[in-house]
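Chain by chain, the residues run as shown.
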Amino acid sequence: MLTLNYLRENRELAIKRLKVKNFDGEEIINRILELDNSRRDTQQKADSLQADINSISKEIGKLIGQGKKDEAEAARLETGKIKNEIKRLNIDLSDIEKLLNKLLVTVPNIPNELVPAGKGEEDNFKYREGGKIPELKGEPLPHWELAKKYDIIDFELGNKLTGAGFPVYKGKGAKLQRALINFFLDEAEAAGFTEVLPPLVVNEDSGFGTGQLPDKEGMMYHVQADNFYLIPTAEVPVTNIYRDVILDAENLPVKNMAYTPCFRREAGSWGAHVRGLNRLHQFDKVEIVVISHPDKSYEALDMMLDHVEKLVRKLELPYRIMRLCGGDISFTSALTYDFEVFSAAQKRWLEVSSVSNFESFQSNRLKCRFREKGEKQNMLVHTLNGSALALPRILAAILENNQGTDGINIPEVLVKYTGFNTI
RNA sequence: GGAGAAAUGGCAGAGUGGUCGAAUGCGGCGGUCUUGAAAACCGUUGUACGUUUACGCGUACCGGGGGUUCGAAUCCCUCUUUCUCCGCCA
């Protein structure tokens, strides 16, 4: 959510920049600023009447103390009309604020200047690339067939236990999952991130804090009896740690990481492209989250990119880093880089990580602020997060790219975690 | 799940209807003293919104929400959480 101050001071610029996200903000921003004016106007009136009441009340207290009952009674009668007026103004104020907030949350984050204009993924900008696409001999198998052939992932069994999108990893497949998780965690730790192991279900407030609620509730599994939500990403609990928190500037940046399963309903997005591991309802991911000083957030973003790049390199996967265009970048993000790895049998690039700077868009909603030493005013922090990494598509690429006549070779960095080097 | 008690500023802890945004202590910050430090002493010490060029001023906030009252930390309703005892339990 953008701050009212920003919109007030940068109306024209905001409207212009939002066009990059293909968002026509003119009408709505004008309406927001109108509402903001009447909000302030109404509050001022209500506050000043309340001040009157407060001073009369104090007066009454004094009069009673002096035993002047009649004068106190006279003053008391005065207040009735003012109170009604205050009541009315406060109802107005709360209506205005509700509407204002409702509109404000529909305005996307302002994209960074680096975000290219564009409609969809075809307009993304290739920022960096690396690795080598392997040349596989004969007829390479897609990972879902490899999974069956070596009996390491059982999709049908998942159907039986739960439903589509909930695979069962078996034997070396299960071990490989665990190896990847530990590898990612160890690497993140070495890069200075602190591990947290958060709850996998969160309450409504947390859903609001990171913006999944109220609009995107369809993406999350909802536990109705307790009004809890299964987390779609560790970003939700880990970022909400800092909801309503004021940090000391000297403690920035805060660098956290977490391994969690992620649960996504993915309603209506199933089709030919989502076979096997390509899209799941439950998957594992290591997430990195950075809370940064506003002046340093783009440095943090680069640091995160470097970290994720190191991971895909160590896994020896061909990759490219895409800077998302205005049409592809998320509502909340100011700048996003997607990591894609090439899956050699499907002959497709698979998105395995998304690293974003949200600037103060999330922290404004979270009310996560910091105080500079010696400063009185608290300022909003910048928040960033990224996958480092999501497992299923990485696994898909590893299986497909490393298949050979004598089985599937495990990338060397993982062997100390798996205890085996081929499947 | 049952019974009882509680929730106050960074922490501890007073305050049960009227100058209470809140005593006091600790902590933090600034200062005096000191070669420096400690001790002592003095001052200061939350958040949000509004208003003001500024100093400042106004309003709200004593777990959350609602109510009574001219006036609520204090009374009422409701929810949540914590503690103690009992029950159950990996």
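Residues numbered from 1 in each chain as written. Chains lettered and ligands numbered in written order. Predicted model: local features only at pLDDT ≥ 70, side-chain atom pairs only at ≥ 80, totals over all residues. Heavy atoms only, no water.

### A closer look at the sheet that holds strand S8 (residues 246–248)
Under the convention used in this document: A strand pair is defined by DSSP finding two or more bridges across the two strands. Think of it this way: any DSSP run of H or I at least four residues long counts as a helix, any run of E at least two long counts as a strand, and we number them from the N terminus. Only the stretch in contact is used when fitting a helix axis, every axis being a line fitted to C-alpha atoms; angles between N-to-C directions are given from 0 to 180 degrees.
Pairing is mixed in the open sheet, where three strands are placed in the order S8-S14-S15. Two strands lie at the open edges of the sheet, namely S8 and strand S15 (378–380), each paired on one side alone. Each adjacent strand pair in this sheet contributes to an overall mean axis angle of 40°, direction not counted. In this structure, strand S14 (residues 369–371) lies alongside S15, joined through three bridges in antiparallel fashion.

### So, the pattern of salt bridges
Worth spelling out the cut-off: The rule for a salt bridge is simple: a side-chain nitrogen of Lys or Arg has to be within 4 Å of a carboxyl oxygen of Asp or Glu. Only protein chains enter the accessibility calculation, which uses a 1.4 Å probe; a residue whose area is less than 20% of its type maximum is buried, one above 50% is exposed, and one in between is partly exposed.
For the structure on display, the rule yields 18 salt bridges. Linking Lys126 and Glu129 is a salt bridge whose minimum nitrogen-to-oxygen distance equals 3.5 Å. Take Lys126: its relative accessible area is 39%, and that puts it in the partly exposed class. Here Glu309 ties to Arg313 by a salt bridge, and the two come within 3.9 Å at their closest N and O atoms. Of the two residues, Glu309 and Arg313 are both situated in helix H10 (residues 297–314); the distance of four residues between them amounts to about one turn of the helix. Looking at Arg313, the relative accessible area reads 53%, which means it is exposed. In this structure, a network of salt bridges that share partners links the residues Arg8, Asp36, Arg39 and Arg40.

### Topic: the packing of aromatic side chains
Each aromatic ring pair is summarised here by two numbers: the centre-to-centre distance and the angle between the ring planes. Under the convention used in this document: By convention, a stacked pair of Phe, Tyr or Trp rings (six-membered ring in the case of Trp) has centres within 6.5 Å and planes under 30 degrees apart, an edge-to-face pair has planes over 60 apart, and any other such pair is tilted.
Tallying each qualifying case throughout the model produces six aromatic pairs. Between Tyr127 and Tyr337 the ring centres are 4.8 Å apart and the planes differ by 40°, which places this aromatic pair in the tilted class. Residue Tyr127 is located in strand S1 (residues 125–130), and its partner Tyr337 is located in strand S12 (residues 335–343); the two are separated by 210 residues in the primary sequence. On the accessibility criterion, Tyr127 (29% relative accessible area) is partly exposed.

### What about the sheet that holds strand S5 (residues 201–202)?
With respect to topology, three strands assemble into an open sheet ordered S5-S7-S6, the strand pairing being antiparallel. Bordering the open sheet on either side are S5 and strand S6 (222–223), each of which pairs with just one other strand.

### Digging into the protein's contact with RNA strand B
The condition is simple: Throughout, near means a residue has at least one heavy atom within 4 Å of the molecule or strand. What qualifies as a polar contact is a pair of N or O atoms within 3.5 Å, subject to a donor-acceptor requirement within protein and to the restriction that residues adjacent in sequence count only when both atoms come from side chains. Residues are sorted three ways: Asp, Glu, Lys and Arg are charged, Ala, Val, Leu, Ile, Met, Phe, Trp, Tyr, Cys and Pro are nonpolar, and all the rest, Gly among them, are polar.
Lining the immediate environment of RNA strand B, one finds 21 residues, of which Arg39, Gln43, Arg76, Arg369 and Arg371 sit closest. Counted by atom, the contact set of RNA strand B within 4 Å of the protein is 74% sugar and phosphate. Interatomic distance of 2.9 Å between a side-chain N/O atom of Ser57 and a sugar or linking oxygen of RNA strand B. Mapped by element, the contributors of at least two residues to the surface near RNA strand B are helix H3 (26–65), helix H4 (69–104) and S14. The leading source of residues in the surface near RNA strand B is H3, at 13 residues. Its residues assigned to classes, the surface near RNA strand B shows four nonpolar, eight polar and nine charged.

### Regarding the confidence of the model for chain A
The condition is simple: Each residue carries a pLDDT score, the predictor's confidence in it, ranging from 0 to 100.
Residue-level pLDDT values for chain A average 89, and 97% of them are 70 or greater. The ipTM assigned to the predicted complex is 0.83, against a pTM of 0.89.

### With respect to H3
Every α-helical turn comprises 3.6 residues, leaving residues that sit three or four positions apart pointing alike. What counts, and what does not: Here a helix's expected span is defined as the number of its residues, less one, multiplied by 1.5 Å.
A rise of 1.5 Å per residue sets the reference length of H3, with its 40 residues, at 58 Å; its end C-alpha atoms lie 58 Å apart and thus fit the reference within 8%. Phi turns positive, to about 80°, at Gly67, one or two residues after H3.

### Looking at the nonpolar core
The following threshold applies: Buried Ala, Val, Leu, Ile, Met, Phe, Trp, Tyr and Cys residues that are joined via side-chain atoms within 4.5 Å together make up what is termed a nonpolar core. We call two residues contacting when some pair of their heavy atoms lies within 4.5 Å.
By size, the foremost hydrophobic cluster in this structure holds 62 residues, and its most contacted members are Ile153, Leu180, Phe184, Leu315 and Ile394. A total of eight residues in this core trace back to one element, the largest contributor, which is helix H7 (residues 172–190). Other than its neighbours up to four places away in sequence, Leu180 contacts Leu315, Leu391, Ile394, Leu395, Ile398 and Leu414. Within the second largest apolar cluster, 21 residues are counted, among which are Met1, Leu2, Ile15 and Leu33.

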